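What follows is each chain in one-letter form.
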Amino acid sequence: MTSQRNGGSAPEKTTLLGVVLMGVALLRPLYAFKENRVALGEPVTLFETGVPFGVIAVCVLVLLAGILAFAPQTTRVRWAKIAAGLLLFSSLLITLAVSGSAAVAGTEFARVTPSTGFWLGVLASFVLIQGSLHGADVRYSAKIAVGLIPFLVTFVPAIAGMLDSLAPMQEYYNRESRFVSELGTHLWLSAAAVLGATVIGVPLGVVAYRRKAAERPVFALINGIQTVPSLALFGLMIAPLAFLSREFPLLRAVGIRGIGNAPALIALTLYALLPIVRNAYTSLAVIQGSVVEAGKGMGMSRTQMLRYVEVPIAVPIILSGIRVSTVQAIGNTAVAPLIGAGWLGAFVFQGIGQGAPDLVVMGVLPIVLLSVFVDRGLAILISALSPTGLREAPT
Amino acid sequence: MIEFQDVVKQYNTQTAIDDISFTIGEAEVCVLIGPSGCGKTTSLKLINRMLEPSSGAVLLNGKPVGSFNPEQLRRGIGYVIQSVGLLPHMNVAENVGIVPRLLKWERSRREKRTDELLDLIGLDPGLYRGKYPAQLSGGEAQRIGVARALAADPPVLLMDEPFGAVDPLNREILQLEFAVLQRKLRKTVVFVTHDLDEAIRLADTVVIMKDGRIVQQGQPADILAHPADNFVRQFVGADRALKRLACFQVVDHMQSAETIPREQTAKRQQAPNGDGGQHPVLWVTNADHALVGMLEPDPDHHSAVAYRPYVELHADEVGVRPVASLREALSRILGQGLRAAPVISEEGMVLGEVRLSDIEELNQRGIAR
């Protein structure tokens, strides 16, 4: 025991993983230099970037993390690892930006694409940060602050134009106005799907709970929907919707056709159902039984039961279902362009079609970030709305 | 206080309660007991109108419960259930204060009452007031369930297997605590259990039920001595004589004991004064009158009374308290291989003794009667 505590035998495994990842990252190219959008890239490793500050910073930070992995994991050491992770991420990004700007200076179409070395390095940074935050006795607000720093470190230089040499940024500039409108559409259509699923799903969960005969068919149906691949579900809807649209001009007038937003919205709503129905069902199962019997036995009226027992217990559970659905919907929406709807996924498919991986990255990154932010935001909201005794730290 | 008059409860074709009538007196602990499905819980729930009888009536203080508004009625009756049913989103103080809140007590009065109750059940209010149910052990949650039922000081307490979900060790502690509490509060308690030992420990009267009917009712000792039929005989078990001893307290069956100081033991052994073996054991005490050992008569010695050599004893191992049951006393007697067990005070002083011969006689008398 004592020998471990004094630093020696047992390294902290997550930190070690981060160090190993970063070690591999150093051997891989940091970025690829491209003459133009579709040209084959020329790999450049960190050591070839010609940014001595970056090389030294990264090497020192990796060494430091390696040493910290073998130290006793006190609060101070954990914070040191978190700082190392944040600095590592920043150093990689700055090195990339500085070297990239220098490389493309004076050219018209040249650009640099972040490569495996960069992405692995980012991963290593997050392993260091998350590994040290996880299970640490850190206040939630501090965790949020730490989580926001990488985004600040990325967005501020991006807005200031310091990352303009990067290929995804170039792709973004080419489509700036369309990007904003697609982002808006993506957001509100995801929201509409979740809203629709909530309106249908909560009563469905209630019915499934109240009527034993309905329970099996309801869950068989919505579980079944989940197992249909999204592409197939989109495809399945084309024929019936096209038929309806042709037969009923009124439907066509409000924009319902075999392809486009209508089938996408329906499919997304169907996918969003499962978590909502399941949690609505669970919330009722939780408030039935002893809690309700005790409440009734103590002389609560129907409205008092609702106010003191049912709503406070059920609402957080239902909201958690909505949270899962929302994150799912944001991801599922990415596939919607395949049946003619637009949205952020359109950039992904364009990128694939044009053989331009940078455009794919440009489409994927906002979807990922959107999911993460919405998930965190809802988690915090649910936690704030939950009664103290049922509150868990948002996860 | 509570009276069942020809009560029948039917579910569709099934009869859960088949015409029962009995009375529960004020400040009495009445235990309803029987195998599962016998109708004991159903009977309990008829009292606070969680269920309504198909025919007949349950009277509370002479008025049918059906004439009360159910919510008002329930607020005036404490209710404890096996699963406790603490509301998970409320802390201990809020849980205990639910009924006062429903009765629209002022906050300050509610808070005062909550602290009072936590004290009463032996939980430090400062420590427990703000805890949430998820942070409580099973025993603590159960105690708070009892406190919650007592919050508005109702005269009647309904308890549906309240200690059934607690481990045996804690269950016994809770039972003893409840017995002490009841001696202080003197509530009218209707208590449902399937644990016979629990019934014997707590009941003033026991009502044994089977298939929705009452098969026997009476004081625990009487039922154990004279089971009404084969079902009851089986239900109380072949060891009913032993169980019956649990109904009696040592203090009621104590005899005077003979004690001698430690320094006189040698003299006594050399010169037995020939008291004819009236006392089965001589208890030896130290200067503080605390039990330290004993002298036992030697039955093989024919001249007058002779004693075996002095034996050192630990008061905790051989002695019983006045509040202990005769069953416990018997187990001490048998455990030590003696003819009697000393009754000792908290300080270890010998107050008297319980003799094996008295226990045997009590047993004979009970069964013969």
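Residues numbered from 1 in each chain as written. Chains lettered and ligands numbered in written order. Predicted model: local features only at pLDDT ≥ 70, side-chain atom pairs only at ≥ 80, totals over all residues. Heavy atoms only, no water.

**Considerations on the overall build of chain B**
So, step 1. Along its length, chain B carries 16 helices and 16 strands.
So, step 2. For chain B, the spread of C-alpha atoms along the three principal axes comes to 80 × 50 × 30 Å.
So, step 3. Within chain B, the proportion of its 369 residues that are buried is 50%.
So, step 4. Once local pairs closer than 6 in sequence are excluded, the contacts in chain B between residues at least 24 apart make up 62%.
So, step 5. Accessible area for chain B stands at about 17,300 Å²; split by element, carbon and sulfur atoms hold 47% of it.
So, step 6. Of note, chain B has its 41 positive side-chain charges centred 6 Å away from the centre of its 48 negative side-chain charges. (Helix = DSSP H or I, 4+ residues; strand = E, 2+ residues; numbered from the N terminus. Buried < 20%, exposed > 50% of the residue type's maximum accessible area, 1.4 Å probe, protein only. Contact = heavy atoms within 4.5 Å. Areas by Shrake-Rupley, 256 points an atom, 1.4 Å probe, with all protein chains shown as cover. Lys, Arg positive; Asp, Glu negative; His and termini not counted. Charge placed at Lys NZ, Arg CZ, Asp CG, Glu CD.)

**Overview of the side chain of Ser-345 of chain B**
So, step 1. Along the chain, the position of Ser-345 of chain B falls in the loop between strand 15 (340-344) and strand 16 (350-355).
So, step 2. Excluding residues within four positions of it along the chain, Ser-345 of chain B makes contact with Arg-321 and Leu-351 of chain B.

**Quick notes on the interface of chain A and chain B**
So, step 1. Between chain A and chain B, the residue contacts involve 19 residues of the former and 23 residues of the latter.
So, step 2. Surface buried jointly by chain A and chain B totals about 1,900 Å² across both partners, of which 65% is contributed by carbon and sulfur atoms.
So, step 3. Considering only the surface of chain A that becomes buried against chain B, Glu-293, Met-298 and Tyr-308 of chain A emerge as the three largest contributors, covering 33% of it.
So, step 4. Joining chain A to chain B, the criterion identifies one salt bridge.
So, step 5. In this structure, the salt-bridge partner of Lys-45 of chain B is Glu-293 of chain A, at a minimum N-O distance of 3.5 Å.
So, step 6. Summed over the shared surface of chain A and chain B, the number is four residue pairs in polar contact (both at pLDDT 80 or more).
So, step 7. Mapped by element, the contributors of at least two residues to the side of chain A that touches chain B are helix 13 (290-297) and helix 14 (302-332) of chain A. (Buried area = accessible area lost by both parts, 1.4 Å probe. Salt bridge = Lys/Arg side-chain N within 4 Å of Asp/Glu carboxyl O. Polar contact = N/O pair within 3.5 Å; in protein donor to acceptor, adjacent residues only side chain to side chain.)

**Things to note about the pairing of strand 16 of chain B**
So, step 1. Counted residue by residue, strand 16 of chain B has five buried out of six residues, so it is predominantly covered.
So, step 2. The antiparallel pairing of strand 15 of chain B with strand 16 of chain B creates a hairpin that spans five residues between the two strands, and Gly-348 of chain B there sits at a positive phi of about 95°. (Pairing = 2+ DSSP bridges.)

**Observations concerning a nonpolar patch on the surface**
All names here are of chain A.
So, step 1. Together, Ile-144, Leu-148, Phe-373 and Ile-380 line one region of the surface with nonpolar side chains, adding up to about 300 Å² of accessible area.
So, step 2. Among the secondary structure elements, those contributing two or more residues to the nonpolar patch are helix 6 (140-159) and helix 16 (357-385).
So, step 3. When you line up the elements, Ile-144 lands in helix 6.
So, step 4. The exposure class assigned to Ile-144 is partly exposed, which follows from its relative accessible area of 31%. (Patch = residues over 30% accessible without salt bridge, like charges linked within 9 Å, V, L, I, M, F, W, Y side chains within 5 Å.)

**Some remarks on the pairing of strand 11 (residues 258-261) of chain B**
All names here are of chain B.
So, step 1. Burial along strand 11 is one-sided: Glu-258 and Ile-260 are buried, and none of Thr-259 and Pro-261, which face the opposite way, are.
So, step 2. One ladder, built from four bridges, connects strand 11 with strand 12 (residues 282-285); its direction is parallel. Counted as the bridge partner of Ile-260 is Val-284 from strand 12.

**Overview of the domain arrangement of chain A**
All names here are of chain A.
So, step 1. When its domains are assigned, chain A resolves into domain 1 (2-166) and domain 2 (176-390).
So, step 2. Spacing between the C-alpha centres of domain 1 and domain 2 amounts to 35 Å.
So, step 3. Listed by partner, the interface residues are ten residues for domain 1 and ten residues for domain 2.
So, step 4. In total, domain 1 and domain 2 occlude about 810 Å² of area from one another, counting both sides; carbon and sulfur atoms represent 64% of this.
So, step 5. It is Arg-37, Tyr-140 and Phe-151 in domain 1 that bury the most area against domain 2; as a group they hold 52% of the surface buried on that side. (Domains from an automatic or database assignment.)

**Some details on the nonpolar core**
So, step 1. In terms of nonpolar packing, the biggest core is built from 43 residues, with Ile-144, Met-159, Phe-178 and Phe-191 of chain B touching the most fellow members.
So, step 2. At six residues, the largest contribution of residues to this core is made by helix 7 (residues 138-150) of chain B.
So, step 3. Residues within four places of Phe-178 of chain B in sequence aside, it is in contact with Leu-157, Met-159, Phe-163, Val-189, Phe-191 and Leu-202 of chain B.
So, step 4. Among the nonpolar cores identified, the runner-up in size contains 34 residues, and Leu-21, Val-58, Ala-84 and Ala-124 of chain A belong to it. (Core = buried A, V, L, I, M, F, W, Y, C linked by side-chain atoms within 4.5 Å.)

**What about the pattern of salt bridges?**
So, step 1. On inspection of all chains with the given rule, the structure shows 19 salt bridges over all chains.
So, step 2. With a closest N to O distance of 3.5 Å, Glu-111 of chain B and Arg-107 of chain B form a salt bridge. Residue Glu-111 of chain B and its partner Arg-107 of chain B are both found in helix 5 (residues 107-120); the two are separated by four residues, about one turn of the helix.
So, step 3. A salt bridge links Glu-353 of chain B to Arg-355 of chain B, with the shortest nitrogen-to-oxygen separation between them at 2.8 Å. Pair check on accessibility: Glu-353 of chain B and Arg-355 of chain B agree, each one buried.
So, step 4. Taken together, the shared-partner salt bridges in this structure form one network comprising Arg-323, Asp-375 and Arg-376 of chain A.

**Some words on the packing of helix 14 of chain A against helix 16 of chain A**
In helix packing, the relevant descriptors are the interaxial angle and the interaxial distance, both defined with respect to the helix axes.
Residue and element names in this part refer to chain A.
So, step 1. Between helix 14 and helix 16, the least distance of the axes is 9 Å, while the angle of their chain directions is 175°. Looking at the two axes, helix 14 sits roughly antiparallel to helix 16. Residues Pro-316, Leu-319, Ser-320, Arg-323, Thr-326, Val-327, Ile-330 and Gly-331 of helix 14 lie in contact with helix 16, whose contacting residues are Ile-367, Leu-370, Ser-371, Val-374, Asp-375, Arg-376, Leu-378, Ala-379, Ile-382 and Leu-385.
So, step 2. Partitioning the contact of helix 14 with helix 16 into residue classes produces eleven nonpolar, four polar and three charged. (Axes fitted to C-alpha atoms, helices over the stretch in contact; angles between N-to-C directions. Parallel < 35°, antiparallel > 145°, perpendicular 65-115°, else oblique. Nonpolar A, V, L, I, M, F, W, Y, C, P; charged D, E, K, R; others polar.)

**Section: the environment of Ala-267 of chain A**
So, step 1. Structurally, Ala-267 of chain A is set in helix 12 (residues 261-287).
So, step 2. Along the backbone, Ala-267 of chain A and Glu-42 of chain A are 225 residues apart, and their C-alpha atoms lie at a distance of 42 Å.

**Focus: the packing of helix 3 (residues 52-70) of chain A against helix 4 (residues 75-104) of chain A**
Residues and elements named next belong to chain A.
So, step 1. One can describe the packing of helix 3 onto helix 4 by two numbers: an axis separation of 9 Å at closest approach and a directional angle of 155°. By the angle class used here, helix 3 and helix 4 are roughly antiparallel. Between helix 3 and helix 4 lies a crossing of left-handed hand. Contacts between helix 3 and helix 4 involve Phe-53, Gly-54, Ala-57, Val-58, Leu-61, Val-62, Leu-64 and Leu-68 from the former and Val-77, Ala-80, Lys-81, Ala-84, Leu-87, Leu-88, Ser-91, Leu-92, Ile-94 and Thr-95 from the latter.
So, step 2. Taken together, the residues that form the contact of helix 3 with helix 4 break down as 14 nonpolar, three polar and one charged. (Left-handed = near helix turned anticlockwise from the far one by under 90°.)

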